[in-house]
Amino acid sequence: MVENLRTDVLVVGAGPAGSMTAKWAAKHGAKVLMIEKRQEIGSPVRCGEGMSKDWLKDVGITPSSRWINLEVEGARIYSPSEKVFEINEKSAGNEVGYVVERDAFDKQLAIDAANAGVDVILKTAATNVLKENGKIVGVRAKRFGEPFEIRAKVTIGADGFESQVGRWAGIPTNIATRDMDTCIQYRMTNVDCDTRYCDFYLGKVAPGGYVWVFPKGDGLANVGIGVQLSKVEGIAAPRKFLDDWIAKHPGYAKGKTIDVVGGGVSISPPLKQTVADGIMLVGDAARMIDPLTGGGIANGCIAGKICGEVAANAVHADMVSKEFLQAYEKGWRAKLEEKLYRNWLAKEKLCSISDETFDKVIDALQDVKLQKLNVHNILKAVRDKYPEVTRDFEAFL
Ligand code: FAD
């Protein structure tokens with residue numbers, strides 16, 4: 001029989017958001033337990049493995065060759081007829097900068113958390129929350145299939161895109177199918193990828209999403225696709241689109257696939273509520289993925305730091321009410337919310353643009369020099385060449 005446990009802060013899920021939350025709560029003096037239902041942190045990898053760089057220092061992550069495959073100069077955006085627009089790493093959004101070994105990255109964050117004093121238990125799944133007088137006081141869990149309880153002053157739902165912790169706690173977490181992308185990703189070897197760029201292919205090759213090629217070096221790349229769930233039919237649709245794209249690109253058609261993983265990402269605005277009495281949600285569980293790029297590692301970690309600090313403060317003050325935990329709600333929204341909404345609107349616009357318009361926009365942008373990349377120059381380039389599409393494009397920007 002597994003013994004019941006008691007802690008200050010319980011983190012459910014050992015992804016980047018969970019490990020970051022756990023680490024910062026422990027660093028601020030709380031007793032922290034992190035549980036993970038998988039048998040190995042970070043595996044299987046469900047990720048394109050691209051991330052930007054500028055946020056890492058702020059959350060206390062030291063870049064390391066243990067998890068960085070390579071550093072790219074920028075991104076190439078391909079229109080439906082494969083006109084290309086290059087964009088430098090700084091302007092390219094939160095999936096461009098490093099291409100990482102995601103399993104090693106997640107493990108490193110868990111190691112950092114453990115080094116800060118966090119206890120970690122694997123093969124342990126939360127199965128429901130414990131509620132007393134409307135307040136969350138921990139979870140029911142199963143370890144190697146055996147039920148037990150974990151009592152906590154503060155519970156953190158860091159359980160990813162398919163999060164249940166929030167729903168169990170009574171926080172509205174519904175999402176529309178048009179705000180979901182379904183993805184599949186191959187790690188491929190023997191491909192002709194360019195290690196200077198993360199590549200994105202837009203338009204009909206991936207309805208409502210894109211095909212990505214993120215180079216990992218030595219002919220190795222993470223090649224994947226995300227398509228809007230409401231625009232495709234059947235569970236096999238993303239694989240079919242990706243296989244079609246690969247078949248049409250000889251540099252990839254000759255490649256060999258060494259692993260395949262599917263998964264989902266939210267392309268929605270963030271949850272309206274991420275705290276309740278005794279509980280906070282973070283990362284994908286709070287729908288913090290950037291709706292335009294599908295990148296969620298950075299936002300999960302940025303919010304995780306704030307979440308961990310607020311959790312520790314709540315424990316020290318012995319105040320875990322929704323009102324007290326608002327410090328987290330306000331803190332992460334101040335840092336991330338405006339961009340999440342802006343990019344959600346941009347995503348909505350992007351999904352409605354025809355392939356023909358896409359081609360014109362990317363064609364016009366080919367003339368814009370990287371160092372002069374700003375909204376004004378982009379608009380001017382499009383207006384000069386294709387005045388008829390500027391109105392559409394202005395709204396998108
Ligand atoms: P997760 O990493 O999903 O971690 C949640 C953890 O909780 C998991 O380990 C899970 O096993 C565990 N868990 C779930 N339920 C329970 C339970 N009941 N009890 C215990 N443990 C539980 N983002 C980028 O920035 N760059 C990319 O290139 C990129 N590519 C992507 C490609 C694909 C195919 C997908 C699906 C996503 C991609 N993302 C990318 C998004 C990114 O992977 C997520 O935003 C990121 O993993 C969020 O971290 P998280 O900690 O919130 O959730």
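It should be emphasised that the depicted structure is a prediction, and the values quoted were computed from it without experimental measurement.

Asker: Give a description of the site of the ligand that names residues and reports values.
Answerer: As a structural note, the neighbourhood of the ligand is formed by 36 residues, with Glu36, Gly48, Gly50, Arg102 and Asp284 the closest of them. A distance of 3.2 Å separates an oxygen atom of the ligand from a polar side-chain atom of Arg38. In isolation the ligand offers 1,000 Å² of accessible surface; the protein chains occlude 92% of this area. At the level of secondary structure, the elements contributing two or more residues to the shell around the ligand comprise helix 1 (16–27), strand 9 (124–132), strand 12 (180–189), strand 14 (210–217) and strand 16 (256–266).

Asker: Which residues make up the domain arrangement of the chain, and what are the values?
Answerer: Domain boundaries assigned for the chain yield domain 1 (5–46 + 104–176 + 269–348), domain 2 (71–98 + 177–266) and domain 3 (350–396). Computed from C-alpha coordinates alone, the two centres of domain 1 and domain 2 are separated by 29 Å. Counting residues at the interface gives 18 residues for domain 1 and 16 residues for domain 2. Counting each side, the surface lost to burial between domain 1 and domain 2 is near 1,600 Å², with a carbon and sulfur contribution of 53%.

Asker: Help me get a handle on the pairing of strand 6 (residues 84–88), residues and values and all.
Answerer: Alternating positions in strand 6 separate cleanly, Phe85 and Ile87 being buried on one face and Val84, Glu86 and Asn88 remaining unburied on the opposite face. Pairing analysis gives five bridges linking strand 5 (residues 74–78) to strand 6, with the strands arranged antiparallel. Of the residues in strand 6, the one forming a bridge with Ala75 is Ile87. With antiparallel pairing between neighbouring strands as the criterion, strand 5 and strand 6 make up a hairpin whose turn holds five residues, including Glu82 at a positive phi of roughly 65 degrees.

Asker: If you had to explain the environment of Gly157 to someone new, which residues and values would you point to?
Answerer: With respect to the helices and strands, the residue Gly157 is situated in strand 11 (residues 146–157). For Gly157, a relative accessible area of 0% corresponds to the buried category. Separated by 146 residues in sequence, Gly157 and Val11 place their C-alpha atoms 6.4 Å apart. Once residues lying within four places of it in the same chain are set aside, the contact partners of Gly157 are Val12, Val165, Met280, Leu281, Val282 and Ala285.

Asker: Tell me about the sheet that holds strand 13 (residues 197–202), and please be specific about residues and values.
Answerer: Ordered by their spatial adjacency, seven strands build an open sheet running 6-5-13-14-15-12-16, and the pairing between neighbours is mixed. Edge positions in the sheet fall to strand 6 and strand 16, since each has one partner strand and no second. Taken over all neighbouring pairs, the strand axes of this sheet differ in orientation by 20 degrees on average, direction set aside. Sheet topology note: the strand 12/strand 16 ladder contains ten bridges and is antiparallel. Bridge pairing in strand 16 links Thr182 to Gly264.

Asker: Pulling in residues and values, what's your account of the pattern of salt bridges?
Answerer: For the coordinates displayed, the defined rule picks out 29 salt bridges. Taking the shortest distance from any N to any O, the salt bridge between Arg102 and Asp106 comes out at 2.7 Å. Residue Arg102 and its partner Asp106 are located together in helix 2 (residues 102–115), separated by four residues, close to a single helical turn. For Arg102, a relative accessible area of 12% translates into the label buried. Here Asp106 falls in the buried class, since its relative accessible area comes to 5%. Several salt bridges converge on common partners, so that one network encompasses Glu49, Glu101, Asp103, Arg187, Lys216 and Asp259.

Asker: Explain the side chain of Glu95 to me, and be specific about the residues and the numbers.
Answerer: Structurally, Glu95 is set in the loop between strand 6 and strand 7 (98–100). Despite being buried, Glu95 has no salt bridge partner; Arg102 is the closest side chain of opposite charge, sitting 8.7 Å away. Side-chain polar atoms of Glu95 contact the side chain of Tyr210, separated by 2.5 Å. Aside from chain neighbours lying at most four places away, what touches Glu95 is Gly50, Met51, Ser52, Cys198, Phe200, Tyr210, Phe214, Thr293, Gly294 and Gly295.

Asker: Break down unusual backbone geometry for me, citing the residues and quoting the values.
Answerer: The omega torsion of the bond from Ser43 to Pro44 falls at 0 degrees, within 30 degrees of zero and hence cis. Mapped onto the secondary structure, Pro44 falls in the loop between strand 2 (32–35) and strand 3 (50–51). Here Asn133, not a glycine, exhibits a phi torsion of approximately 50 degrees, which is positive. You can see Asn133 is positioned in the loop between strand 9 and strand 10 (135–143). Residue Asn133 is classed as exposed on the basis of its relative accessible area of 86%.

Thresholds applied
Residues numbered from 1 in each chain as written. Predicted model: local features only at pLDDT ≥ 70, side-chain atom pairs only at ≥ 80, totals over all residues. Heavy atoms only, no water. Near = heavy atom within 4 Å. Polar contact = N/O pair within 3.5 Å; in protein donor to acceptor, adjacent residues only side chain to side chain. Areas by Shrake-Rupley, 256 points an atom, 1.4 Å probe, with all protein chains shown as cover. Helix = DSSP H or I, 4+ residues; strand = E, 2+ residues; numbered from the N terminus. Domains from an automatic or database assignment. Contact = heavy atoms within 4.5 Å. Buried area = accessible area lost by both parts, 1.4 Å probe. Buried < 20%, exposed > 50% of the residue type's maximum accessible area, 1.4 Å probe, protein only. Pairing = 2+ DSSP bridges. Axes fitted to C-alpha atoms, helices over the stretch in contact; angles between N-to-C directions. Salt bridge = Lys/Arg side-chain N within 4 Å of Asp/Glu carboxyl O. Lys, Arg positive; Asp, Glu negative; His and termini not counted.

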